[in-house]
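Chain residues, written in single-letter form:
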Amino acid sequence: MAPTVLEQLGGLSGLVYSTLPVIVFVPANSYFGLAVALWSALGVAAAVLVWRLVQRSPIQPAISGFFGVGICAFIAYRTGDAKGYFLFGIYTSLVYGGAFVLSVLARWPLVGVVWGYLNGKGTAWRHNRSAVRFYDVATIAWAAVFAARYVVQSQLYDSDQTGWLAVARIGMGWPLTGVALLVTLWAVRRADHALEVASSADRTDGTLPSDQADRST
């Protein structure tokens, strides 16, 4: 079976693990300085990767998380400011939010594209208006999550609120992701139902069974 969206993110444990580098980074920066904080965050991300290897869990989310922490640490190092650690995530939210909105405007909602790829059905859903509308709702939900993250965290960044940036990063991380996943699950089920109804209607309106077709000729 194709992995679910939650499994692609590493499951519930993966969402929780993704917050650990941030939880370590802020207090380490406050007590020991930026250099120690950066190495601590990288160390935690590496430890999560090793832990998932030991558990034989999917490691792709952990690998992505490790490189993400590496990019954040590099930006903070180059800027010489702890708040630079959050800059990559802020602009990533802006880009993702914009991509989700544009996909809806282009009538190619990203949730539908991703779900069609995961379940092997491709883009057949685009011919069903009800399915497109449901995928639009789920895609807009993700766009709202990313937009909220960008607006709140960019304001905190501009006001030099590094501690509150960490709070916002965690509070607007997996909890909001969970909400978006619930909306996605509802929308996907409704879209699949709409496609099944349309497929049943097409079969009902289709050709006669072969035995009846033979008698009619």
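The present account deals with the structure reproduced in this document. What you see is a predicted model, and the numbers here were worked out from it, not measured in a lab.

Basis of the calculations
Residues numbered from 1 in each chain as written. Predicted model: local features only at pLDDT ≥ 70, side-chain atom pairs only at ≥ 80, totals over all residues. Heavy atoms only, no water. Helix = DSSP H or I, 4+ residues; strand = E, 2+ residues; numbered from the N terminus. Buried < 20%, exposed > 50% of the residue type's maximum accessible area, 1.4 Å probe, protein only. Contact = heavy atoms within 4.5 Å. Patch = residues over 30% accessible without salt bridge, like charges linked within 9 Å, V, L, I, M, F, W, Y side chains within 5 Å. Areas by Shrake-Rupley, 256 points an atom, 1.4 Å probe, with all protein chains shown as cover. Salt bridge = Lys/Arg side-chain N within 4 Å of Asp/Glu carboxyl O. Core = buried A, V, L, I, M, F, W, Y, C linked by side-chain atoms within 4.5 Å. Axes fitted to C-alpha atoms, helices over the stretch in contact; angles between N-to-C directions. Parallel < 35°, antiparallel > 145°, perpendicular 65-115°, else oblique. Nonpolar A, V, L, I, M, F, W, Y, C, P; charged D, E, K, R; others polar. Expected span 1.5 Å × (residues − 1). Arc of directions from axis to C-beta.

Quick look at the overall build of the chain
When helices and strands are counted, the chain shows 11 helices and zero strands. Along its sequence from the N terminus, the chain presents helices and strands in the succession α-α-α-α-α-α-α-α-α-α-α. Among the 217 residues that make up the chain, the fraction classed as buried is 35%. In the chain, once contacts between residues fewer than 6 apart in sequence are set aside, the share between residues at least 24 apart is 68%.

Re a nonpolar patch on the surface
Among the surface-exposed residues, Tyr31, Phe32 and Val36 lie close enough to one another that they form a single nonpolar patch of about 390 Å² accessible area. Note on placement: Tyr31 falls in helix α3 (residues 20-32).

Notes on the pattern of salt bridges
Working definition: two side chains of opposite charge can pair if their charged atoms are close together. Summed over all chains, the structure comprises two salt bridges. Lys83 is the partner of Asp160 in a salt bridge, and the nearest nitrogen-oxygen pair spans 2.4 Å. Of the two residues, Asp160 is situated in the loop between α8 (129-158) and α9 (162-171) and Lys83 in the loop between α5 (60-79) and α6 (87-105); the sequence distance between them amounts to 77 residues. Of the residues examined, Lys83 reaches a relative accessible area of 14% and is grouped as buried.

Describing the nonpolar core
If you look at the biggest cluster of nonpolar residues, it comprises 22 residues, and the most contacted ones within it are Phe25, Leu38, Tyr85, Phe86 and Leu165. With 17 residues, the next largest nonpolar core counts Phe100, Val132, Trp142 and Ala180 among its residues.

Let's talk about the packing of α3 against α9
Two packed helices can be described by the angle between their axes and the distance between those axes. Viewed as axis vectors pointing N to C, α3 and α9 meet at an angle of 170 degrees, and their least axial separation amounts to 10 Å. Put simply, α3 runs roughly antiparallel to α9. Between α3 and α9, the residues in contact are Val22, Ile23 and Val26 and Thr162, Gly163, Ala166, Arg169 and Ile170, respectively. Within the contact of α3 with α9, the residues separate by chemical class into five nonpolar, two polar and one charged.

Notes on α6
When the terminal C-alpha atoms of α6 are compared, their 28 Å separation across 19 residues agrees well with the 27 Å that a helix rising 1.5 Å per residue should span. Turning to α6, its buried residues are Gly89, Ile90, Ser93, Gly97, Phe100, Ser103 and Val104. Down the axis of α6, the buried side of the element spans an arc of 160 degrees, and every buried residue falls inside it. Facing away from the buried side of α6 by more than 90 degrees, the exposed set consists of Val95, Leu102 and Leu105.

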